[in-house]
Amino acid sequence: MTDKQALETIKQTIQTFFRAEEFLISNDLHVKCLAARLISHLTQINPEWEVYLDYNYQYQNAYKTTADFDSISLFPMDAVKMPVKQTKIRLYPQIAIRRNSKNFIAIEIHKSTSRVSPKLTVDKLTTLTNRESPIHYQYGLNIQLASGKNYQKNTSIQVHKVNEHVATFDFN
């Protein structure tokens, strides 16, 4: 299966997950619950893939900045641009798909009811797909779920090319 075919199959699987797990998503259950259910769908795509929740085989230090905005970066920001506070964090994906013993796809789920900015999720995936990262993933997928009172039964997937490694699957 080529990368393009794998990504298309994952996209269809995520859409199936969104429809099949209406109860969990519409009742705004915790993101780890949603991720665990999504894994059950993803493992059916290819039995040779290794699919993990909070895969942290090799931690990587990254930097999170907070002030008027949040951001995650592989490297500390320049002092001139640096907001009030900058802290080191342990960086790993919510869901990891490994193929042929290599980091293939990092997946993050962002619920519409989250207090965290969707930009932070995209920054995290951009950092995980950075070629200079020792835990470099080939692709990063940000799944933005309309959850809780925002849940809608009819969904469509729009893929936005944030950068060459990160795609957003937007359900609305």
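Computed from a predicted model, the values in this text were never measured in an experiment.

Within strand β7 (residues 139-145), 5 of the 7 residues are buried, which leaves the element mostly enclosed by the surrounding structure. Inspection of the sheet shows strand β6 (residues 102-111) paired to β7 by 7 bridges, in the parallel sense. Residue Ile109 lies in a different strand from β7, and its bridge partner there is Ile143.

Taking 1.5 Å per residue as the helical rise, helix α1 (residues 3-20) with its 18 residues ought to reach 26 Å, and the 25 Å between its terminal C-alpha atoms agrees with that figure. Of the positions making up α1, those classed as buried are Ala6, Leu7, Ile10, Thr13, Ile14, Gln15, Phe17 and Phe18.

The next point concerns the pairing of β6. Taken residue by residue, a regular strand's side chains alternate between the two faces of the sheet. Counting buried positions along β6 gives 9 out of 10 residues, so the element sits mostly inside the fold. Inspection of the sheet shows strand β5 (residues 95-99) paired to β6 by 5 bridges, in the antiparallel sense. Residue pairing across strands places Ile97 opposite Ile105, the latter belonging to β6. Connecting the antiparallel pair β5 and β6 is a turn made up of 2 residues, with Asn100 showing a positive phi of about 55°. Following the backbone out of β6, through helix α4 (residues 118-128) and into the adjacent parallel β7, one traces a crossover that is right-handed.

Criteria and thresholds
Residues numbered from 1 in each chain as written. Predicted model: local features only at pLDDT ≥ 70, side-chain atom pairs only at ≥ 80, totals over all residues. Heavy atoms only, no water. Buried < 20%, exposed > 50% of the residue type's maximum accessible area, 1.4 Å probe, protein only. Helix = DSSP H or I, 4+ residues; strand = E, 2+ residues; numbered from the N terminus. Pairing = 2+ DSSP bridges. Expected span 1.5 Å × (residues − 1). Right-handed = clockwise from strand over helix to strand, strands pointing away.

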